[in-house]
Amino acid sequence: MLTEVRQAAVTALAVALSGALLGVLWWKLAPSVPLVGEILDDSWVVYLKDSEGEQAIGVDGTFTLLALAFGALSAVVVFLLRRRGGVPLVVALGVGGLLGSLLAWRLGVWLGPAQDVIAHAKDVGKGVTFSAPLKLGAKGALLAWSLAALVVHLGLTGLFGPRDPEPDPWPAPGQYPSAPYGDKPA
C-alpha cells in the first residue's frame, strides 16, 4: 500500500506540473477580446469594441477543450505506465488534474494582457483597440481535466485492465451444498 501511495503522489505531482504547459497553450491559443477606451466626463471608460463578439466565450471554450485533451492524455499515459490502477492512482489523477487546471488558469492570466484595464487604456490612447486580460468566466472548466482523466482511465481499465478470475461454474463432485433441513437428494 505504501508503494501505491508513493506512486500516486508522484503521479499527482507530474499531472499538476503539466498544467504549466496547459497555461501557456491557453495564453497562446485563446482568442483576444478587443476593448476600446474613451474619455467620458473627465474619466476613462472601457467597453467592448464588438458588443456581440463571442471571443469571451471562446476564451472559456479554449481552456475547456485544452483541459479535456490534457485529461485524456494524462489518463492514457498513467494507464500505460501503471495498468493495475488502484484507488490511490485514480485519486491522484483527479487531484493532479484539478491542481494542474488551477496552475494553468493562474499562469495564463499572469502571462496574458495587463489586468489593470483602465491603465492599459490610458497607455494605448483614446479610441485605440487593445486586448482584454485573460479571464476564465466559467469556473467549472477547472474540473474538465479531472473529469476527462477519470472517465478515460475508467474506460481503459474496463476495456484493457487485468481481469478478476472467473468462478468455476461446475464445482468438483462432493462440493455441492447439502439439501436443506436434512433432506437427502434422490
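Residues numbered from 1 in each chain as written. Predicted model: local features only at pLDDT ≥ 70, side-chain atom pairs only at ≥ 80, totals over all residues. Heavy atoms only, no water.

- Per an unreviewed UniProt entry, the recorded name for the protein chain is Putative membrane protein, and the organism is Streptomyces lividans 1326.

**Focus: the UniProt feature "transmembrane region" (unreviewed entry) in the protein chain**
Part 1 of the argument: UniProt records the feature "transmembrane region" (unreviewed entry) at residues 56–80, 87–105 and 142–161, using the numbering of this structure.
Part 2 of the argument: The distance from the first to the last C-alpha atom of residues 56–80 is 37 Å, and the span holds 100% helix and 0% strand. (UniProt positions renumbered as here; feature names shortened; annotations may be inferred. Helix = DSSP H or I, 4+ residues; strand = E, 2+ residues; numbered from the N terminus.)

**Description of the sheet that holds strand S2 (residues 43–48)**
Part 1 of the argument: In spatial order, the strands read S2-S1-S3; together these three strands make up an open sheet with antiparallel pairing. Each having just a single partner strand, S2 and strand S3 (129–131) make up the two edges of the open sheet. Taken pair by pair, the neighbouring strands of this sheet meet at an average axis angle of 40 degrees, ignoring direction.
Part 2 of the argument: Direction of pairing for strand S1 (residues 34–40) relative to S3: antiparallel, over a ladder of three bridges. When the sheet's bridge partners are listed, Pro34 is paired in S3 with Ser131.
Part 3 of the argument: Across the sheet, helix H5 (residues 117–124) touches S1, S2 and S3, and the angle it forms with S2 is around 100 degrees. (Pairing = 2+ DSSP bridges. Axes fitted to C-alpha atoms, helices over the stretch in contact; angles between N-to-C directions. Contact = heavy atoms within 4.5 Å.)

**Examining the nonpolar core**
Part 1 of the argument: Grouped together as the largest cluster of nonpolar side chains are 28 residues, with contacts concentrated most on Leu22, Trp26, Phe63, Trp105, Leu136 and Trp145.
Part 2 of the argument: Elements with a minimum of two residues in this core: helix H2 (19–29), helix H3 (55–81), helix H4 (87–111) and helix H6 (144–160).
Part 3 of the argument: Top element by residues in this core is H3. It accounts for seven residues.
Part 4 of the argument: Residues within four places of Leu136 in sequence aside, it is in contact with Trp26, Asp60, Phe63, Trp105, Ala141 and Leu142. (Core = buried A, V, L, I, M, F, W, Y, C linked by side-chain atoms within 4.5 Å. Buried < 20%, exposed > 50% of the residue type's maximum accessible area, 1.4 Å probe, protein only.)

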